[in-house]
Structures are given as C-alpha cells and as structure tokens.
Amino acid sequence: MSKELILLEKIVSTILRRENISLSMDMTAPDVEGWDSLNHVQILFTIEEELGIRFPISEIQNLHTIGDLVKLMNKYMQ
C-alpha cells in the first residue's frame, strides 16, 4: 500500500469519524459510506493542508476514483 493511500485512509477516517476505513484504487466516493459532497471538500482541503499545497481546480475536476486522487497526491508529495 502506498504512503499516499495510507494518508488518505487516515484523513477519510478522521473526516467521516469512522475507524479503519479501507480504500482501494478502483473505489469511488459513493462507495464509501458518508463520503458526500461536503465531506469531499473537507477531505481535499485536509489533504492540501497536510501536504502544504493547493490542487488546481482543473485537476480536482478530473478525479473519478480513489486511484485518481492517490495519483494526484503522489504528484505533489514528490
């Protein structure tokens, strides 16, 4: 499991107030109980805060799966 996916699981668990959320690369937000549009914004904001970056809107709009988000995180964690 990548460090990005581990960080994302931690953030999502915190935001959704659920322990031990397990994510996979092919999942989508609706696959995760409680991951709605408001929580999506909070998750993205928290990722940006953790990484000390800001995602361009154009890249956020292209997120379809957990894998897409993990790849985007990887791009900025290097």
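Before any of the text, the structure's been laid out above.
Residues numbered from 1 in each chain as written. Predicted model: local features only at pLDDT ≥ 70, side-chain atom pairs only at ≥ 80, totals over all residues. Heavy atoms only, no water.

A. Local environment of the overall build of the protein chain. Looking only at helices and strands, the protein chain features 4 helices and 0 strands. Starting at the N terminus, the α and β elements of the protein chain follow one another as α-α-α-α. When the backbone C-alpha atoms are referred to their principal axes, the protein chain occupies close to 25 × 25 × 25 Å. Here the protein chain holds 78 residues, and 40% of them are scored as buried. Restricting to contacts in the protein chain with at least 6 residues of sequence separation, those with at least 24 account for 51%. (Helix = DSSP H or I, 4+ residues; strand = E, 2+ residues; numbered from the N terminus. Buried < 20%, exposed > 50% of the residue type's maximum accessible area, 1.4 Å probe, protein only. Contact = heavy atoms within 4.5 Å.)

B. Region of the structure containing helix α4 (residues 66-77). Taking 1.5 Å of rise per residue, 12 residues should cover 16 Å, and α4 covers 16 Å from first to last C-alpha, within 8% of that figure. I66, G67, L69, V70, L72 and M73 are the residues of α4 that are buried. The inward-facing, buried residues of α4 contact α1 (3-16), α2 (37-51) and α3 (57-60). Regarding α4, its N-cap is T65, as a side-chain oxygen of that residue lies 3.3 Å from the backbone nitrogen of G67 further along. (Expected span 1.5 Å × (residues − 1). Polar contact = N/O pair within 3.5 Å; in protein donor to acceptor, adjacent residues only side chain to side chain.)

C. The arrangement of the environment of G67 in detail. Looking at the secondary structure, you find G67 in helix α4. Separated by 18 residues in sequence, G67 and E49 have C-alpha atoms that sit 20 Å apart.

D. Fine view of the nonpolar core. Among the nonpolar cores identified, the biggest contains 24 residues, and L8, V12, L23 and I47 are the most heavily contacted of them. When residues of this core are traced back to their parent elements, those giving at least two are α1, α2 and α4. Those residues in contact with L23 that sit more than four places away from it in its chain are L5, L8, E9, V12, V32 and I66. (Core = buried A, V, L, I, M, F, W, Y, C linked by side-chain atoms within 4.5 Å.)

E. Inspection of the packing of α2 against α4 at higher detail. Interaxial distance between α2 and α4 falls to 11 Å at its minimum, and their mutual angle equals 20 degrees. One finds that α2 runs roughly parallel with respect to α4. Where α2 crosses over α4, the handedness of that crossing is right-handed. Where α2 approaches α4, its residues L44, I47 and L51 are matched on the opposing element by L69, M73 and M77. A breakdown of the residues in the contact of α2 with α4 according to their chemical character gives 6 nonpolar, no polar and no charged. (Axes fitted to C-alpha atoms, helices over the stretch in contact; angles between N-to-C directions. Parallel < 35°, antiparallel > 145°, perpendicular 65-115°, else oblique. Left-handed = near helix turned anticlockwise from the far one by under 90°. Nonpolar A, V, L, I, M, F, W, Y, C, P; charged D, E, K, R; others polar.)

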